[in-house]
Amino acid sequence: MTTPCLFACGELKVEIFGGGIAGWSSSLLVNVFRSENSKCTILFDAGGVTIPIQAVKKHNKLPILISHLHADHFSGIHAILAARSLSGLQTKIVLPHHADQTTFQQMLQLQMKLNNPFATRPDLDFEIVSAHPMQELTRLLTAQRKVVPFATQHTLASCGYAIVFSKTKLKAEYVGKDIAKLRAELGDALFDKEEVVEVAYTGDTTIAFLNPSLAKCTPHVQVEQDDLQRTADLVRKAKVLITECTYFGTDTPRELAHERGHIHGDDIIDNIDLFDEVEHLVLTHFSQKYGKYQAQAFIDGLPEKLRQKTQLLFPVSDEE
């Protein structure tokens, strides 16, 4: 998909390139901005087949946020690193803290050796950052934006990521007063701090990220209930929520979707009220058994209050 999906939430603008198909490839390039001067770019996952061409442009900062280490979510990482390294750009790769980071680095070292067996020094410039649930990463984006990893539940170590924008506003009782003098006396107490969850991306997960009471559906990887509850509190406020919907309909039982660590369409319908504060819901990562028109038909059949805010993100057409 070379044409982005565009979303407007007041002054906030979000554009998304790419998409995902379960077991094949998932990669989304997301631009978030309130003005051209405030734009930041993030690559959520790096499945090689669907990495948007825009990802190889010379973004000075392009953090790659990996949700989990299944091949369809990170198989293109070497190509992205190689393209950026050729341009003299370092890349920060964020991985779940409980993922096998040692093996991941060994894989990259092997790929570097295959790519240039005569090199005397590494030809990829990258840094791995560990993501812990709800521990803010403040140096990846702009001064006013931070990445907040959050707990998800899949069949191996996983996490999602929220892009949070912080802004301050002068408290009403100080409007019209001598701000310079008051700032010397009160400092930050002069202002109210507002945080906006601009975008949240889950990667592969069950609906437990939104409804922690359903965490028992996936026994493969246990996640702390407190972490899931804090995730739900955060993600329900997202302006744009990007999540998976691997299965829908009756051909795949909901229990099987849960066993595989995925969301079934019925999970979304049954938890419809939990999306009330979400302005735009983006569904992707559909099973290979479905074509684009089948996935769109599922969305068209959602209850009205959810259908009007839901967008399909499908990286190829049925003809492709």
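Asker: For this particular structure, what's the right way to read the sheet that holds strand S5 (residues 64-65)?
Answerer: By definition, the strands of a sheet pair up through backbone hydrogen bonds, in either a parallel or an antiparallel sense. Taken in spatial order, the 7 strands line up as S1-S2-S3-S4-S5-S6-S7 in an open sheet, and their pairing is mixed. In the strand order of this sheet, the two ends are held by strand S1 (5-9) and strand S7 (126-131), each with one partner. Packed onto the sheet, helix H2 (residues 77-86) meets strand S4 (40-44), S5, strand S6 (91-96) and S7 and runs at close to 155° relative to S6. Here helix H3 (residues 101-115) sits on the sheet and contacts S6 and S7; the angle it forms with S7, its principal contact strand, is near 165°.

Asker: Any chance you could explain the pairing of strand S11 (residues 240-244) here in plain terms?
Answerer: Two faces, one strand: in a regular strand the side chains alternate between the faces of the sheet. When you tally the buried positions in S11, you get 5 out of 5 residues, the bulk of the element. Alternating positions in S11 separate into two faces, Val 240, Ile 242 and Glu 244 on one and Leu 241 and Thr 243 on the other, with burial throughout. Where strand S10 (residues 191-201) and S11 come together, 3 bridges link them in parallel fashion. Each residue of the ladder has a partner; that of Tyr 201, found in S11, is Ile 242. As judged from the 5 bridges shared by S11 and strand S12 (residues 280-284), these two strands associate in the parallel manner. Bridged to Val 240 within S12 is His 280.

Reading guide: rules and limits
Residues numbered from 1 in each chain as written. Predicted model: local features only at pLDDT ≥ 70, side-chain atom pairs only at ≥ 80, totals over all residues. Heavy atoms only, no water. Pairing = 2+ DSSP bridges. Helix = DSSP H or I, 4+ residues; strand = E, 2+ residues; numbered from the N terminus. Contact = heavy atoms within 4.5 Å. Axes fitted to C-alpha atoms, helices over the stretch in contact; angles between N-to-C directions. Buried < 20%, exposed > 50% of the residue type's maximum accessible area, 1.4 Å probe, protein only.

Function cannot be read off these values alone, since they describe shape.
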